[in-house]
Structures are given as C-alpha cells and as structure tokens.
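Architecture at a glance
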Amino acid sequence: MAEFHRSFAMQPLPITCNFHHLLILFTLLLSFVHPTNSQTNTNWFCGTSATDASLKCGAACPTGSGCPLGQYCFSGINSCSTTTSSSRYCGTNLEDANAKCGVACPTGKGCPFGQACFLNTICNAWNAGGSTSSSSSTTSSTGTIKTFGHAAVEETFQSIKDVINTKLFLYETPGMQWLPSTVYRFDGFFDGLQLMYKQGVNGKKIYMGGNDPDCPHCHMYGLVNIAAFLAQAMKETIRYDACDENSWDRVGDKKMYPIANACGQLGQSYQDYHCKEEERFMECEVDINMSINAVTHAKWWGAPGPLFCGPKTQYPHTGYWDFSYECNNQWANPPESCDVYEGQKGGKHIDDAPYANAAGRTDVEGCCWWGRGVIQTSGVCNFGKLNYFLGKRAYDEGRESRYPDIDFCKDPEAICANENYKELKWIAGFFYWVDQVQPYESDGWIYLDELRKFVDGGMEGDAFINSVSGIVNRGCHNPPCGTGELDGGPERAENFFKILKEMTFAWVDVTPPATPPPTRMPTPLPTLNPTKEPTDPPYPALTPRPISPPPTSPPTSPPTSLPTPSPTEQSSVKEESRFIEYKCGDGVEAGPQTYIDVIFAYELHNELETAASDALKEAKKLMLDDIARRIGCNELSNRKMQQSESDGDDFSNIIGITSSRVDGLDLDVAGCTEEVQLDTQTTCTPAKGGFALFAKSGTDQNALNGISDRIKSIIEKSMADGQYETGSILKTIYIGDRVQTTPDAINIYSESEPSKTAQ
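Residues numbered from 1 in each chain as written. Predicted model: local features only at pLDDT ≥ 70, side-chain atom pairs only at ≥ 80, totals over all residues. Heavy atoms only, no water.

Quick look at the state of the cysteines now. Overall, the coordinates contain eight disulfides when judged by the stated rule. The disulfide that involves Cys 284 links it to Cys 409, with 2.0 Å between the sulfurs. The sign of the -80° torsion about the S-S bond sets the Cys 284-Cys 409 disulfide as left-handed. Taken together, the residues Cys 284 in the loop between strand S9 (257-258) and strand S10 (292-293) and Cys 409 in the loop between helix H10 (392-396) and helix H11 (414-417) connect sequence positions 125 residues apart. Both residues of the pair, Cys 284 and Cys 409, count as buried. Across the disulfide, Cys 327 is cross-linked to Cys 338 (sulfur-sulfur distance 1.6 Å). Between Cys 327 and Cys 338 the sulfur-sulfur dihedral comes to about 90°; the bridge is accordingly right-handed. In this pair, Cys 327 is assigned in the loop between strand S12 (320-322) and strand S13 (348-350) and Cys 338 in the loop between S12 and S13, connecting sequence segments 11 residues apart. Grouping residues by exposure puts Cys 327 and Cys 338 together as buried. (Disulfide = S-S within 2.5 Å. Helix = DSSP H or I, 4+ residues; strand = E, 2+ residues; numbered from the N terminus. Buried < 20%, exposed > 50% of the residue type's maximum accessible area, 1.4 Å probe, protein only.)

This part is about the sheet that holds S9. The antiparallel open sheet is built from three strands, whose spatial order is S9-S12-S13. Strand pairing shows two members of the sheet lacking a second neighbour, S9 and S13, which therefore form its edges. Taken together, the two bridges between S9 and S12 define a ladder with antiparallel strand orientation. Of the residues in S12, the one forming a bridge with Tyr 257 is Trp 321. (Pairing = 2+ DSSP bridges.)

Turning our eyes to something else, we now look at the packing of aromatic side chains. Given two aromatic rings, their pairing is described by the distance between the two centres and the angle made by the two planes. Taken as a whole, this structure holds 35 aromatic pairs when the rule is applied. Plain terms: the ring middles of Phe 229 and Trp 433 are 5.4 Å apart, the flat faces sit at 80° to each other, and that makes the pair edge-to-face. With Phe 229 in helix H8 (residues 219-236) and Trp 433 in helix H12 (residues 424-437), this residue pair connects regions lying 204 residues apart in the sequence. Lys 299 extends its terminal NZ or CZ atom over the ring of Tyr 171, reaching a point 4.9 Å from the ring centre. (Phe/Tyr/Trp six-rings, centres within 6.5 Å; stacked < 30°, edge-to-face > 60°. Lys NZ or Arg CZ within 6 Å of the ring centre and 35° of its normal.)

Moving on, we come to the pattern of salt bridges. Following the criterion strictly, the structure yields 30 salt bridges and no others. Here Asp 435 and Lys 204 are joined by a salt bridge, their closest N and O atoms 2.4 Å apart. Taken as a pair, Asp 435 in helix H12 and Lys 204 in the loop between helix H7 (186-198) and H8 lie far apart in primary sequence, 231 residues in all. Both residues of the pair, Asp 435 and Lys 204, belong to the buried class. Because the salt bridges share partners, they merge into one network encompassing Glu 172, Arg 239 and Asp 614. (Salt bridge = Lys/Arg side-chain N within 4 Å of Asp/Glu carboxyl O.)

Two elements in contact, helix H6 (residues 161-168) and H7, have axes separated by 9 Å at closest approach and are oriented at 125°. With respect to each other, H6 and H7 are oriented oblique. Where H6 approaches H7, its residues Lys 161, Ile 164 and Asn 165 are matched on the opposing element by Phe 186, Asp 187 and Phe 189. Looking at the contact of H6 with H7 residue by residue, the class counts come to three nonpolar, one polar and two charged. (Axes fitted to C-alpha atoms, helices over the stretch in contact; angles between N-to-C directions. Parallel < 35°, antiparallel > 145°, perpendicular 65-115°, else oblique. Contact = heavy atoms within 4.5 Å. Nonpolar A, V, L, I, M, F, W, Y, C, P; charged D, E, K, R; others polar.)

Taken by themselves, the reported measurements are silent on function.
Listed below in structure tokens is the structure:
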C-alpha cells in the first residue's frame, strides 16, 4: 500500500502574531517526521493521491519532498519504479520535458530550479558525442468511450466525476493550500449542464457538438466548449470558493471597504444596469424595502463580511469595514468577539459616519443586485431575464418554467442560497455562455468556427483559449480592447489544458465531416447583458468582474511592466503553464546544458486582504523582469547592465532564464524573522526565491558562480530600494542564505549543487 508523505505547509503569519503562536508552530515542526535528505527511494512519486501518482508517474520525490503545489509524495508506487533512468528528463511539465529533452535526471533529482524530473519521456540519455537519438511520435487515438454525440459528452464527464471534485474544482486558502471547493461540486455542474443542453433558455442551448452518428469526433467540440467555460469559472469564482461577490474595492481617505460596495464596485451601480429599451419589460423592478444578506464571503484574516442590502429606515447611512481591527478582545468593556461571520479572525463594521463607495453611495437601499454564481451574474436586467425565462414570472405568465417557485427578482440570493437547486449557481453562468460567448462574432473571429478549427487542428496552442478568455474578461477576443489587459490569461489557459488532459481518453481521430458543419448559433434575442446608458462607467456589462481585485493590477496603482519586445528583436518571453521562461539571443542550446540555480531567501509583507500566493506571484514577476532587463533578455543589444552597476560583469554567456511563476514558502523557518515598521497591518510570508540561469555550453563554473552572486546582490539592492513594492506588496526584505532554525526542515526545491552540467 502506498504511504503518504506530506511536506509541512506553513501558513503565512500576520505580523501581529505573538510568541505563543510561534511556539505552537515550532512544536509542530519538531514533531513532524519525514525522510532525511540523504535517503533516496526509487518508488516515491508525486500526486494528489496514490492512484494519481501511480497513473501519472510524473515528478519523482526520492527524498519525500519537492512536489508541485497541491501534490504530495507517496511511497510504494512500484508501477513507476520500473521506468528506465534513461527516459527521465527535466521540464516544467511532461510536455516540456518531451519537447526539450534537455537536462537528464536519471536519479530523479538535480533539475534546475522551477523544473521537476519526469519519467516515461520520449527522450534517451545524451550519448558521448552530444547528440540525441530521441524521436517524437504521435499515437493515433481511438478513444475508449462507447457512445457518440451528446451521450459521449455526458459519459466523459461522468467518467471524471471524482477528478473534477478533487483535482479541478479547487480553491486556494489564505495559507496557499488548494482544497476541494465546498461551493462548486460536480453534481451541481452536471445538473446545470443537462438542463442547459436539453432544455436551454429561450431556444439557446449549450453547444455539445451535435448528435450526428457520421461524425464520430463531434463530441470533442462539445467537450472543448465546456472545458473553455470551466476554465473561466475556475479562475473567476471556484478558486475563491465563493458564490456571492466579495467586497474588494478599497476607496476613500482611509482606504477601507465601504459597506455600500453592495451597490456596485469600481464606480458601478448594479441597480441601474437596465436592459435595452426593447427588452426592459423583462428586467426586475428595484424594491427599496428589500433586505438580503449574502451567504459567501472572502476568508482571509480581517476579510470584509458578506455583502448586504436594506432600506434607509433600517440603515440610515453605511460606513466601512475596518479590515485591520482586532475583534477578539476579551479585555474590552464590554468584551468584544469576532461574530459577524463564521471563522472570522479580524475586522469590524464601523458605522459612526457615512463612508462612500466609489460611486458616492452611503447607503444600501435597493442594492441587492451584486454578482452571484459561477460567472457572477449581476444587475436588474440579468436577474430579470432569469426570472422571465426560468423563474416564477414565466410560470405566472403561462410559459414553461424550470423554477416556478423561485422569484429571482424578489430573491436573487436564491442562486447561492437555495439548497434544493444547487445547479442554480451554474445555470446563471451557462445562461451567460449561451447568450454572449457561443454566438460571439467580431472582425471575422467567430467563436464556434474557431472552436472547430482548434479541435480539427489537433488542439494545439493557446490562441483559442486566450481569445475566449478575452471575451469573458474584457469583452473582446483580442484584448486590450479599451477595457484593459487580460487578467489571469496564463491561469485560464492552464485551467483549460488541465481539463483537456483529463479527457484524453475521449479523443478520437478527426475525420472530415460527411455533411457541412452545423450552422452557427443565431444572433441572440434577447441578450443576457444590457446595453449601458451613456453615463455608465466604461466597464462592459458582459465582462464578469473578478470577486477579488486582479493581483497584478489594483485600481489605485497598477505596477509598471516592461514593454513588449518588438517583432524584430531576437529574444522573446514565453509564458506557459505555471512557469515562465525568458530566452535570450538564440535561446537554450541543444545538447548538454550548463546552468546554475540562483536561490535566496526573502520576506514579503503584503496587505491583509491580498492572498500570499498572489503577492508572491506579483513579486516574482517584478524580480524576473528586473533581472531579464539587466542581463539583456529583452534587447539583444543590451548585453550588459548599466555602466554604473556592471563594471567587470559580463552576462553574454547567459542564454535563458527558467522559473516557476510564484516562489514557495521557506520551510526552514517558523515565521518571519526581520522586524519592520509599517503604517498598516500586514501578512508576512517567509519565502524561498530562485530561478535557473542557462549558459552556453562550456561556460566556466567559477564564472557562473560569480554571475549568481552578482544577481543576488542586484536583487538585494532592488529590495532595499523598494523596486518590488506595489499597491499590495508593502515591503520585501532580502535574507539571502538563511540559517536553518528548524530541525530537519524539508527542502521543497531540487537538491542540487550550486552549478552543474547535465551528463
């Protein structure tokens, strides 16, 4: 039987934690038993479960550590240990390892920082002459499903029900752990899917690829369509485990969260989002006496409580949520406790004076129309359409109604709170998809045509999913389009391909259709999202707002990013999956590669409402852009740093940088060690940063060590100068080589020498 070896996941500690908290955490670390670093095991592999590890034979963990985020180390995976060492190669994922066949890892370790060792690759070890005999091959898939058309789509999803619940529908905790969602589960998703492809809304249905028996691959169109939908849902709401919109817009002189955010955030007014004139008969009337409380909310320390609405007779004015307030104070008179919501650890409503939201509201009267559901449906128009086509109004007016007892205009919270119809949170999202995404057509880009092209072309590249993400997040297929850059593009693409990977058993060879492809979806009438009045703020109604602010672009002070290299430049920046790779000059060479791991410790202070993982990701991107610019990975002619900093330094041998997109927790310590005085409370995360520098073959090892030391000094100076600080990152402190303070701490990074050459 496989045994479970889990690396201790340390929670980021608020700066206000006391010695007692640290003592408890230190005691836990002392009691943690794990294999020593000197122990190697050939049958230990990473996975979300023992079954997952044995099926994938992916990343090896011979010392009991080093698994990717969300995976754990399992022993006794004998089905993987028979793999020959010559097929083990490093990469950011299995596909990357197969494509590069670059750094071999016959012992299961020794990969560059940010990469893991993968078994069962198509590569062979480098021979003495420096060439490879590896060859790529394409296996013709015959599929294992027994049905076709709509039934094949249902069969596929039923087959991966457990995978969806345990590996795909995950949310991120404040401590950077990924756990199965409590809000979004397979049963609700599948019930909603069946309703929306069998019955639909006003003749609009989820596209499932058709039911043509002469088109054995057409079910793949439906699977990819739904995978694209789920990829957006996993980014927008599932990762936050929230159904109701969170309060996330901080405004005003105190930079607090107005209670009136329920009326709208970023200057919006949800109750004023009317339908087009010819559709206004469908929208909900605003009832100023309506009183509703949201049922979900953010969960970080001091997070604002659930949104709520009510008349002015009940709330004459509204104040703000103080996220830094210490609510557990037994010494106060009278004693205070955290009782606004379950699990609350900090924060408090402050209502001693009116505090306006971004639109100037200081009340919550008629403000019951915030975003709900997997794609955050909001506004009187959208809820009105749901009621008109699916709810009580349809029943009262003699039309077919799926939910005759639910009045979405009187109880919009039914989407999140109704336990009898858990699919409702999905129905609202599917309604948006059939109304806005499937019929999308602009400047020659037609969603359903591009979907079929993607499948027929072998499902390669991320152009399709990036365009879909643009439609959902920014209202166009080619952002920026007047509303800003695409938020979370890499994460959405990663979600998409993660879903497709789990459905590979359903793929079959694509054959030319015997009949013309299905006709495109007709122009929808009515549309889901309203046309705004000229006075509305410039935010497209069809764009679902994230339930927390984009981590890299807060409204108040977005960080500066490097200019995109021009097409004539020979270097490029390639983003894929959870890793980022900078190529300089001709890029990484074929054959044995020389590289060095640049590893250092630092401490990061971020605002309490920002997830530590988001802050670490933002800081990592700033560091990588800084180093890439200085080394010359963005301009071929800029091969040296500025003269004032680079006397005697030559980075011309550096040909690439590879790194994970986010640094991990530093498990060698029980918490942050450096004291810092800031004007506000923060979360402090001890982090272990790093990346791999690739150099030309034959580069002197002493030279590589010198480059590594120089780059560390650059990062240290940049941190001291505040170059990596943003609206959410308040302070970064360089630690360097930290002295280990916990016995036998587990190293979550590759156990490798400072520099090496793959043999």
